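An overview of the molecular structure
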Amino acid sequence: MSPGTTSLSEAQIAQFQTQGYLALNSLVALEEIARMRTMYDGLFETKAGRDVGDHFDLAGADEEGAPAVLQQILNPSRYAPAFGELACVQSALRIATQLLGPETEAQGNHAILKPAGMGVATPWHQDEAYWEPELQYNALSVWIPLQDATLENGCMHFIPGSHRGEVLPHHPINHDPRVHGLEVDNAPDESRAVACPLPAGGATFHLARTFHYAGENKTDQPRRAYIMMFGTPPQPGNKGRRFPWLEARQTARDARADQFAKQ
Ligand code: NI
């Protein structure tokens, strides 16, 4: 078994601080990737968490029975607790702690599936645009493909240095308030983008404000990605900040979550 990376060099830490992202070719042992794939496929086959709003189509109106072009499950570890016990969770936590500081903790996970032949692109966005606007974040996401990630199946792309700016205005994909997924209003200059193809077992780390994008899946195989979030506890530091794109959103996912909360 190939032991994955569990600590970063000074040069890697400096690179992350300058660029806002870092790609590692080896974080997860291949045996663990195989176990994750089995659990992952089981969750999507059963649409785990759909009744509580945790399974939905990130890029479509998410109507019952419609083919989902960008399926997401929030908190897969709630439905398959073994996700929380993986060795790569501890490896990623150690690395995230090196990058964000000693208070760093796990802050959730999600899964994004781009089905074979029909998985659409994840448009340019900043993750912080999805979060509570009045809080201040010191957080990153770890993106783990469960097969090779290539230009053809939708690997990640980043804009180096974009983590230093503010959160820019976003809107729901296709300007459809029924869509959960967000897209920045003015796409960054793509000539500055860096594509990060990865072998299975690799991962990318990116900060809350780093602009990123993942292409469509043009292959005849699903593109599976598992994402873990880590951060120090969010602080009340952005009082009065508003994200109008969240206030206007009316998704079927939110309706299912609200319905469940009322039961
Ligand atoms: Ni993102």
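Heads up: the structure comes first, above all this text.
Residues numbered from 1 in each chain as written. Predicted model: local features only at pLDDT ≥ 70, side-chain atom pairs only at ≥ 80, totals over all residues. Heavy atoms only, no water.

This part covers the overall build of the protein chain. Summing up its helical and strand segments, the protein chain has 6 helices and 13 strands in all. Taking 18 Å as the expected radius of gyration for a compact globule of 263 residues, we find that the protein chain reaches 17 Å, a close match to that expectation. The principal-axis extent of the C-alpha atoms belonging to the protein chain is close to 45 × 45 × 40 Å. When each of the 263 residues of the protein chain is scored for burial, the buried share is 52%. Residue pairs in contact within the protein chain that sit at least 24 positions apart in sequence constitute 84% of those at least 6 positions apart. In the protein chain, 21 positive and 31 negative side-chain charges are present, and the distance between their average locations comes to 2 Å. (Helix = DSSP H or I, 4+ residues; strand = E, 2+ residues; numbered from the N terminus. Rg over C-alpha atoms; globule rule 2.2 N^0.38 Å. Buried < 20%, exposed > 50% of the residue type's maximum accessible area, 1.4 Å probe, protein only. Contact = heavy atoms within 4.5 Å. Lys, Arg positive; Asp, Glu negative; His and termini not counted. Charge placed at Lys NZ, Arg CZ, Asp CG, Glu CD.)

Quick look at the sheet that holds strand β12 (residues 212-214) now. Here we have 4 strands laid out as an open sheet, ordered β5-β12-β7-β10, and antiparallel in their pairing. Both edges of this open sheet fall to β5 (122-125) and β10 (194-196), since each of them pairs with a single strand only. Averaged over all pairs of adjacent strands, the angle between their axes in this sheet comes to 20 degrees, without regard to strand direction. In this structure, strand β7 (residues 156-158) lies alongside β12, joined through 3 bridges in antiparallel fashion. Each residue of the ladder has a partner; that of phenylalanine 158, found in β12, is histidine 212. (Pairing = 2+ DSSP bridges. Axes fitted to C-alpha atoms, helices over the stretch in contact; angles between N-to-C directions.)

Turning our eyes to something else, we now look at the pattern of salt bridges. Should the charged atoms of two oppositely charged side chains come close, the side chains can pair. Within the structure shown, the criterion is met by 8 salt bridges. In this structure, arginine 241 and glutamate 128 form a salt bridge, with 2.7 Å as the shortest nitrogen-oxygen distance. Of this pair, arginine 241 sits in the loop between β13 (223-236) and α5 (244-247) while glutamate 128 sits in the loop between β5 and β6 (135-145); the two residues are 113 residues apart in sequence, bridging distant segments of the chain. Residue arginine 241 shares its accessibility class with glutamate 128, and that shared class is buried. Aspartate 176 serves as the salt-bridge partner of arginine 178, at 3.0 Å between the closest nitrogen and oxygen. Judged by its relative accessible area of 40%, arginine 178 falls in the partly exposed class. A residue is classified by how much of its surface remains accessible, and aspartate 176, at 16% relative accessible area, is buried. (Salt bridge = Lys/Arg side-chain N within 4 Å of Asp/Glu carboxyl O.)

Within the secondary structure layout, serine 77 lies in helix α3 (residues 76-79). On the basis of relative accessibility, which here comes to 24%, the residue serine 77 falls in the partly exposed class. Each C-alpha atom of the pair serine 77 and methionine 39 lies 9.9 Å from the other, and the pair is 38 residues apart in sequence. For serine 77, the residues in contact, after removing those within four places along its chain, are Phe83, Gly84, Asn109 and Tyr226. A polar contact of 3.0 Å, which involves the side chain of serine 77, links it to the side chain of asparagine 109. (Polar contact = N/O pair within 3.5 Å; in protein donor to acceptor, adjacent residues only side chain to side chain.)

This part covers the coordination of the nickel ion. Protein ligation of the nickel ion involves His125 (NE2), Asp127 (OD) and His212 (NE2), the donor distances falling in the range 2.1 Å. Read in sequence order, the donor residues for the nickel ion give the motif H-x1-D-x84-H. Remark: histidine 212 occurs in strand β12 and aspartate 127 occurs in the loop between β5 and β6; sequence separation between them is 85 residues. Of the two residues examined, aspartate 127 and histidine 212, each falls in the buried class. (Donors = N, O, S within 2.8 Å, 3.2 Å for Na, K, Ca; no water.)

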